[in-house]
Protein chains: 2
Amino acid sequence: MTQFYQEITPAGFGIAIKQKEILFSEQSPFQKVEVFESDSSLGRVLTLDDLMMTTEGDEYHYHEMIAHIPMMHHKNPKSVLVIGGGDGGTVREILKHDTVEKVVLCEIDGMVIEACKKYLPTISCELDNPKCEILVEDAIEYIKDKKNMFDIVLIDSTDPMGPGEGLFTEEFYTNVKNSLKEGGIVCAQSESPFVNKEEIKKMYTLLKKVFPICSTFTSNIPTYPGGYWAWAFCSETVEPLSYWDERRGNEIVKSCKIYNKDYHYARFALPNYLEELL
Amino acid sequence: MTQFYQEITPAGFGIAIKQKEILFSEQSPFQKVEVFESDSSLGRVLTLDDLMMTTEGDEYHYHEMIAHIPMMHHKNPKSVLVIGGGDGGTVREILKHDTVEKVVLCEIDGMVIEACKKYLPTISCELDNPKCEILVEDAIEYIKDKKNMFDIVLIDSTDPMGPGEGLFTEEFYTNVKNSLKEGGIVCAQSESPFVNKEEIKKMYTLLKKVFPICSTFTSNIPTYPGGYWAWAFCSETVEPLSYWDERRGNEIVKSCKIYNKDYHYARFALPNYLEELL
């Protein structure tokens, strides 16, 4: 009999994927970490506490957006912090920018990193890059005393429940803001506009208290409920769509499956229901 | 035990919805027509041959796109033909345009129309509008001798298998083109860019033989596999994004949950993988 992985949201619907074999399933101090081989074009799938995180077959939908949309707004991003993101997909995309000298990955759960290194090599492939420093620690603590350190901070977190909860607070956002250099930009995954309306409202209320510029962009994620995802774009000084680096951009687009200049410029056009929510 | 409706694509993944109660399930001469009450925010769900067609909770994602994107490119759309679309959602959106004098709905399966009138009134509500003429007949035959009749033709069909198959041929597209008035526009649903790559390739190869202008726009559909859908925009003379009617547009946006001017202009920016496919 065919086994299915199902993720059904509290809204009563979600996704289903044919399962072939569970490759890794362990309880870390923070969450259940699982990688299974699907019987689908998605290939291998990473779940945390049984919630979909990423798949080999569609991961670029998420990672290209969270990395390139903010990175391409910055004239010379040298130092980047990724909070969460233990699968390594965001680091891989960041390192396509030849301006980058250092990426710090601050992931609380070392088991996520190890499982992804072993079972999802096409996603985690740049975690061993010498420009990448991996810290297995709590970003809430890590960020507290960091001032004027990063050009870009990407909050590549899980949902606002479980280990990711403390990454959705005013105090945390304030510390993230203080860790930015002048002209810095923060980008945070901000849930599904169709499914997680309440969570989005809460999150943006806090972000707008902290950042004078707080905007939203969206794109398709085939394996997230609703197939549609939002990210917050926050800064003290950088307006959305105020800059696109032609030299870097034209190079990076060649290695992307989604991202290009037109697609970049189209991302901040939101549906009415989301504009009203924000 | 919770019952789920699942639609799993040949790619091995898809959507799952909690089911509460089947309200209507009959075999028509063409297909199995079913409406069920879901135990979800999607409300009632219409399936044809067990494939997801529309839900009360997310139908506007589809209907606003297939109607308003082409309609807003036309300076004065008076006569519109909808092929398929028996649920009535596309007709409802078309009738928001005060220029429209007549909409012909040509749906092969009368049972779809009757089931939607009874069980999906928020979608089918304008099918009784005196401007709407309903023809229960095969559009392939209907369109054959129609010349210079329509400003807009919308092909709101099922997938290219089953009763919808003949709506994806060069002969049919040629007849549709001949039914257009000068300055006319055709818009056709064209499947999921992420899931139905082969079907898209075939369809656009044919469309491009027939129409000198053939472009693609995309948007999110939460309940279609992959959460992302494409539509073909075809014309002999009208280029995509060549016109947007301010007067009509500003009125229509007020009654839409998705559609607005920025969103309209962003729709033709495609991901790299889709540009390469086309």
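Residues numbered from 1 in each chain as written. Chains lettered and ligands numbered in written order. Predicted model: local features only at pLDDT ≥ 70, side-chain atom pairs only at ≥ 80, totals over all residues.

**Student:** What is the right way to look at the overall build of chain A in this model?
**Tutor:** Scanning chain A for helices and strands turns up ten helices and twelve strands. Taking 19 Å as the expected radius of gyration for a compact globule of 278 residues, we find that chain A reaches 18 Å, a close match to that expectation. Its C-alpha atoms put chain A at 55 × 45 × 40 Å along the principal axes. By the burial criterion, 55% of the 278 residues in chain A qualify as buried. Taking as baseline every contact in chain A between residues at least 6 positions apart, the subset at least 24 positions apart corresponds to 66%. (Helix = DSSP H or I, 4+ residues; strand = E, 2+ residues; numbered from the N terminus. Rg over C-alpha atoms; globule rule 2.2 N^0.38 Å. Buried ≥ 20, exposed ≤ 12 C-beta atoms within 10 Å, placed from the backbone. Contact = placed C-beta atoms within 7 Å.)

**Student:** Can you help me understand the interface of chain B and chain A in this one?
**Tutor:** Many analyses report the size of an interface as the accessible area lost when the parts associate. Between chain B and chain A, the contact holds 34 residues from the first and 34 residues from the second. Element by element, the count of residues in the side of chain B that touches chain A is highest for strand β2 (residues 13-27) of chain B, at six residues. Residues that form the side of chain B that touches chain A fall into these classes: 19 nonpolar, eleven polar and four charged. Pairing analysis gives five bridges linking strand β2 (residues 13-27) of chain A to β2 of chain B, with the strands arranged antiparallel. Its bridge partner being in β2 of chain B, A16 of chain A is matched across the sheet by G14 of chain B. (Nonpolar A, V, L, I, M, F, W, Y, C, P; charged D, E, K, R; others polar. Pairing = 2+ DSSP bridges.)

**Student:** Is there a simple way to think about the sheet that holds strand β10 (residues 180-189) of chain A in this case?
**Tutor:** The strands making up a sheet are joined through hydrogen bonds of the backbone, oriented either antiparallel or parallel. Residue and element names in this part refer to chain A. In space, the seven strands of this open sheet follow the order β8-β7-β6-β9-β10-β12-β11, with mixed pairing throughout. Sheet topology places β8 (132-135) and β11 (213-220) at the edges, where each strand pairs with a single neighbour. Sheet twist, expressed as the average angle between the axes of neighbouring strands with direction ignored, equals 15°. Pairing analysis gives five bridges linking strand β9 (residues 150-156) to β10, with the strands arranged parallel. Its bridge partner lying in β10, I155 is registered against A188. Helix α7 (residues 197-210) rests against β11 and β12 (228-235) of the sheet, and its axis sits at about 10° to β12. (Axes fitted to C-alpha atoms, helices over the stretch in contact; angles between N-to-C directions.)

**Student:** Looking at this model, I keep getting lost on the sheet that holds strand β9 (residues 150-156) of chain B. Mind explaining?
**Tutor:** Residues and elements named next belong to chain B. If you trace the seven strands from one edge of the open sheet to the other, you get β8-β7-β6-β9-β10-β12-β11, paired in mixed fashion. Two strands in the sheet have a free side with no partner beyond their single neighbour: β8 (132-135) and β11 (213-220). This sheet shows a mean twist of 15° between the axes of neighbouring strands, independent of strand direction. Both strand β10 (residues 180-189) and strand β12 (residues 228-235) contribute to a ladder of five bridges, which runs antiparallel. When the bridges of β12 are listed, A188 appears paired with A232.

**Student:** What is the right way to look at the packing of helix α6 (residues 170-178) of chain A against α7 of chain A in this model?
**Tutor:** When two helices pack together, their arrangement is given by the angle between the helix axes and by the axis-to-axis distance. Residue and element names in this part refer to chain A. Direction vectors running N to C along α6 and α7 enclose 40°, while the axes themselves pass 9 Å from each other. Our classification of the angle between α6 and α7 gives oblique. Where α6 crosses over α7, the handedness of that crossing is right-handed. Along its contact with α6, which presents E170, Y173, T174 and K177, the element α7 presents L206, L207, K209 and V210. Here the contact of α6 with α7 is built from residues that sort into four nonpolar, one polar and three charged. (Parallel < 35°, antiparallel > 145°, perpendicular 65-115°, else oblique. Left-handed = near helix turned anticlockwise from the far one by under 90°.)

It is worth stressing that arrangement in space is one thing and function is another; only the former is reported here.
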